[in-house]
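Chain by chain, the residues run as shown.
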Amino acid sequence: EKKNPSRAIEFRKQGNEFFVNKNLSRAACCYRASIALSTPHSQDMALSYGNLSAVLFELNLYHESIRAIQLASDAYPKDLKFKLVFRRAACYHKL
């Protein structure tokens, strides 16, 4: 699949709408599509992995959420990184 950063952002925004409306399976699909279309190691890819980790947490898939957090970490915006830290701690607390 060819990388398409603008389409990746569209999928992430669509995923956010599904997440807010608690349609977690659709949100996960959108975040995965966004990851697939993102430039590798980009901030957009990191944000999509971070959002996917939130969906996986809500689905009680804590190991998978931790893995998504690990994949998000490097390029995730510094001012938002606390969200990943707290979510990772919450995952370990649930395990």
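Further up the page is the structure itself.
Keep in mind that this is a model prediction, so the values were computed, not measured. (Residues numbered from 1 in each chain as written. Predicted model: local features only at pLDDT ≥ 70, side-chain atom pairs only at ≥ 80, totals over all residues. Heavy atoms only, no water.)

> Explanation requested: the packing of aromatic side chains in the structure shown.
Each aromatic ring pair is characterised by the separation of its centres together with the angle its planes make. Taken as a whole, this structure holds two aromatic pairs when the rule is applied. Ring geometry for Phe57 and Tyr62: centres 5.3 Å apart, planes at 65°, overall edge-to-face. Residue classification places Phe57 among the buried residues on the basis of a relative accessible area of 18%. The interplanar angle of 80° and the centroid separation of 6.4 Å between the aromatic rings of Phe82 and Phe86 together place this pair among those described as edge-to-face. Of the two residues, Phe82 and Phe86 both sit in helix α5 (residues 81-94), four residues apart, roughly one turn of that helix. Above the ring of Phe19, the side-chain terminus of Lys22 is found at 5.7 Å from the ring centroid. (Phe/Tyr/Trp six-rings, centres within 6.5 Å; stacked < 30°, edge-to-face > 60°. Buried < 20%, exposed > 50% of the residue type's maximum accessible area, 1.4 Å probe, protein only. Helix = DSSP H or I, 4+ residues; strand = E, 2+ residues; numbered from the N terminus. Lys NZ or Arg CZ within 6 Å of the ring centre and 35° of its normal.)

> Looking at this model, I keep getting lost on the layout of surface pockets. Mind explaining?
A probe as big as a water molecule, rolled over the atoms, marks out the empty space that is left. Computed from the structure, the largest pocket encloses a volume of approximately 210 Å³. Contributing to the lining of the largest pocket are 13 residues, with Asn16, Leu47, Asn51, Tyr76 and Lys83 lying nearest its centre. Of all the elements in the fold, those that place two or more residues in the lining of the largest pocket are α1 (5-20), α3 (43-58) and α5. Looking at the lining of the largest pocket, its residues break down into six nonpolar, three polar and four charged. (1 Å grid on protein atoms, 1.4 Å probe; cavity = no way out; pocket = protein on both sides within 12 Å on 5 of 7 lines; lining within 4 Å. Points joined across faces, edges and corners; volume = space filled by probe spheres on them. Nonpolar A, V, L, I, M, F, W, Y, C, P; charged D, E, K, R; others polar.)

> Whenever I open this one, the pattern of salt bridges confuses me. Can you help?
Opposite charge on two side chains makes pairing possible when the charged atoms of those side chains draw close. Under the criterion given, the structure shown has two salt bridges. For the salt bridge of Arg12 with Asp44, the shortest nitrogen-to-oxygen distance reads 3.4 Å. Of the two residues, Arg12 is situated in helix α1 and Asp44 in helix α3; the sequence distance between them amounts to 32 residues. Look at Arg12 and you get buried, because its relative accessible area is 12%. (Salt bridge = Lys/Arg side-chain N within 4 Å of Asp/Glu carboxyl O.)

> Please clarify how the packing of α1 against α3 should be interpreted in this entry.
Look at α1 against α3: their axes get within 10 Å of each other, and the N-to-C directions meet at 20°. By the criterion of interaxial angle, the relationship of α1 to α3 is roughly parallel. Our pair here, α1 against α3, has a crossing hand that is left-handed. For the pair formed by α1 and α3, the contact residues are Ile9, Arg12, Asn16 and Phe19 on the first element and Asp44, Leu47, Ser48, Asn51, Ala54, Val55 and Glu58 on the second. Split by residue class, the contact of α1 with α3 holds five nonpolar, three polar and three charged. (Axes fitted to C-alpha atoms, helices over the stretch in contact; angles between N-to-C directions. Parallel < 35°, antiparallel > 145°, perpendicular 65-115°, else oblique. Left-handed = near helix turned anticlockwise from the far one by under 90°. Contact = heavy atoms within 4.5 Å.)

> What should I look at first to understand the environment of Leu61 in this one?
Turning to its location among the elements, Leu61 is positioned in the loop between α3 and α4 (62-72). For Leu61, a relative accessible area of 32% corresponds to the partly exposed category.

> It is not clear to me how the side chain of Ser34 should be interpreted in this structure. Could you clarify?
Considering the arrangement of structural elements, one finds Ser34 in helix α2 (residues 24-37). A distance of 2.7 Å separates a polar atom in the side chain of Ser34 from the backbone oxygen of Ala8. Those residues in contact with Ser34, other than ones at most four positions away along the chain, are Ala8, Phe11, Arg12 and Ser48. (Polar contact = N/O pair within 3.5 Å; in protein donor to acceptor, adjacent residues only side chain to side chain.)

By themselves, these figures tell us nothing about what the structure is for.
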